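# Structural description and commentary
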Amino acid sequence: MLTVETRHAIHQDHAKGMDTEALRKHFLTPGMFAEGEIRLVYTHYDRFVMGGAVPAGKALTLDEVAETRTPSFLDRREMGIVNIGDTGTVTAGGETYTMNNGDVLYLGMGSGAVTFDGAGRFYITSAPAHRTCPTRLVTVADAAEVNLGAAETSNKRTIRQFIHPTVMDSCQLILGYTSLLDGSVWNTMPAHIHDRRMEAYLYFGMAPESRVLHLMGEPKETRHLFIANEEGALSPPWSIHAGAGIGAYTFIWAMAGDNVDYKDVEMLPAEDLL
Ligand SMILES: O=C(O)C(=O)C[C@H](O)C(=O)CO
Ligand SMILES: [Zn+2]
C-alpha cells in the first residue's frame, strides 16, 4: 500500500504567526513508518520527498507515484535510502542490494521500480535529478566522518556523510547521519541556515518516551517542535534546524537545492538567536 501526503512551502512571515498545532501540521512528519506500507511526504521545498517503507517480510514496490506524473517515480529523480532497521533488501535496475542497519543506497535517475523486502525499515529520500549518477551501496566504512563539538558545550558529535561529493556523485541530493557522543545532547549547535538548500531531518534510535526539542524558524523568530522516535522535521531554506535530546538519538539529514556544498552555510553564534 502506498500513501502520499503533500506539503506546500510556507513563507517565513506565515510561519511566524503559527501556533503549536499549525507548526506541527506543516513542519513535522510523523507516521512515516507503518508495517506493510510505503508512506511518502511530497514537499514543495525543492520537490524533496521523504518517507518510509516497512516490508515486514512481504515485498513492497514503489513505482508509479501520481504526484510526479511520470510513469515511474525515478524517471526524473534520484533516491537515497537508509536502512534504520534489521537486514533487508532493495531491488532496483535489475540488481538486488542487501542493506544492513545503517547502510545507505543511492539510486540514480531512471532506476525504475524499487522493491523493498526483508526486515528493513527503509527511510526514503528523493529529489529531482538532471542526469543519471551511478547507483551505489554506501556502507558506514565508506562514509566520510567529521567530528564536531566538545563535551563542555554538550555538542560533541560525529557526522557521517554518505551521499556527499567526497564519497560519491549525485545531482542535488546530499545525505548522512549524525550521532551524539555520550553526555552530549545538541545537534547543529551553533546553528546555521542555507537559503540555497532545504533540509529534512529524521530522528531515530530514541526510546519511545524520549523527545528531541527541535528548533526551527528564522534566527530571530525561533520556534520549536517536540519530536518523537522516527518522526521527521522539514526545514525550509529560511529556517534554522537544531535540536537537543532528552535521551539518546541519531538523526538523518538530507538536503536538496542549488549546490551540494555541505560547508556552504551561514553560521549563527548563539547570541544571534532569539
Ligand atoms: O550536527 C550537525 O551539525 C549536523 O548534523 C548538521 C546537519 O548535517 C546540517 O544541518 C547540514 O546542513
Ligand atoms: Zn543545515
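Residues numbered from 1 in each chain as written. Chains lettered and ligands numbered in written order. Predicted model: local features only at pLDDT ≥ 70, side-chain atom pairs only at ≥ 80, totals over all residues.

The name given to the protein in an unreviewed UniProt entry is 4-deoxy-L-threo-5-hexosulose-uronate ketol-isomerase, with the source organism recorded as Roseicitreum antarcticum. Taken verbatim from the UniProt record of the protein, the Catalytic activity (unreviewed entry) comment is "5-dehydro-4-deoxy-D-glucuronate = 3-deoxy-D-glycero-2,5-hexodiulosonate". In the Function (unreviewed entry) part of its UniProt record, the protein is described as follows: "Catalyzes the isomerization of 5-dehydro-4-deoxy-D-glucuronate to 3-deoxy-D-glycero-2,5-hexodiulosonate." (UniProt positions renumbered as here; feature names shortened; annotations may be inferred.)

## Some words on unusual backbone geometry
Put simply, methionine 189 and proline 190 share a cis peptide bond, and its omega is 5 degrees. Inspection of the secondary structure puts proline 190 in the loop between strand 16 (186–187) and strand 17 (191–193). Non-glycine residue glutamate 230 carries a positive phi angle of around 60 degrees. For glutamate 230, the position within the fold is in the loop between strand 20 (221–227) and strand 21 (231–235). Accessibility expressed as a C-beta count within 10 Å gives 20 for glutamate 230, which makes it buried. (Helix = DSSP H or I, 4+ residues; strand = E, 2+ residues; numbered from the N terminus. Buried ≥ 20, exposed ≤ 12 C-beta atoms within 10 Å, placed from the backbone.)

## Topic: the UniProt feature "binding site: Zn(2+)" (unreviewed entry) in the protein
According to UniProt, the "binding site: Zn(2+)" (unreviewed entry) feature falls on His192, His194, Glu199 and His241. Separation in sequence by 50 residues is not matched in space for these annotated residues, since their most distant C-alpha atoms are only 11.5 Å apart. The buried category is assigned to glutamate 199, around which 25 C-beta atoms lie within 10 Å. When near neighbours in sequence (up to four residues on either side) are disregarded, glutamate 199 contacts Ser235, His241, Trp253 and Met255. Relative to the helices and strands, histidine 241 is located in the loop between strand 21 and strand 22 (242–245). (Contact = placed C-beta atoms within 7 Å.)

## Examining the domain arrangement of the protein
When its domains are assigned, the protein resolves into domain 1 (2–17 + 28–138) and domain 2 (141–272). For domain 1 versus domain 2, the distance between C-alpha centres works out to 20 Å. In this complex, domain 1 contributes 32 residues to the contact, which on the side of domain 2 involves 32 residues. Contributing elements (two or more residues each) for the side of domain 1 that touches domain 2: helix 1 (12–16), strand 2 (28–29), strand 6 (77–83), strand 9 (104–107), strand 11 (122–128) and strand 12 (136–138). When its residues are assigned to classes, the side of domain 1 that touches domain 2 shows 20 nonpolar, six polar and six charged. (Domains from an automatic or database assignment. Nonpolar A, V, L, I, M, F, W, Y, C, P; charged D, E, K, R; others polar.)

## Details of the site of ligand 1
With respect to spatial proximity, the complete set of residues near ligand 1 consists of Leu148, Arg157, Ile159, Thr178, Asn187, Thr188, Glu199, His241, Trp253 and Val265. When the residues that make up the shell around ligand 1 are grouped by side-chain class, the tally is four nonpolar, four polar and two charged. (Near = placed C-beta within 6 Å.)

## What about the environment of valine 90?
Relative to the helices and strands, valine 90 resides in strand 7 (residues 88–92). Distance in space between the C-alpha atoms of valine 90 and aspartate 272 is 44 Å, their sequence separation being 182 residues.

## Quick word on the sheet that holds strand 15 (residues 174–180)
Taken in spatial order, the seven strands line up as 2-21-18-23-15-14-13 in an open sheet, and their pairing is antiparallel. Each end of this open sheet is capped by a strand with a single partner; those strands are strand 2 and strand 13 (144–148). Relative to strand 23 (residues 250–257), strand 15 is paired through six bridges, and the arrangement is antiparallel. Its bridge partner lying in strand 23, leucine 175 is registered against alanine 254. (Pairing = 2+ DSSP bridges.)

## Details of the environment of asparagine 259
As for its position among the elements, asparagine 259 is in the loop between strand 23 and strand 24 (266–268). For asparagine 259, a count of 13 C-beta atoms within 10 Å corresponds to the partly exposed category. Separated by 110 residues in the primary sequence, asparagine 259 and glycine 149 place their C-alpha atoms 25 Å from one another. In this view, asparagine 259 contacts Arg196 and Asp264; residues no more than four positions away in its chain are not counted.

## A word on the environment of cysteine 171
Along the polypeptide, cysteine 171 turns up in the loop between strand 14 (157–163) and strand 15. Residue class for cysteine 171 comes out partly exposed when judged on the 17 C-beta atoms lying within 10 Å of it. Contact partners of cysteine 171, with chain neighbours within four places excluded, come to Glu78, Ala129, His130, Arg131 and Cys133.

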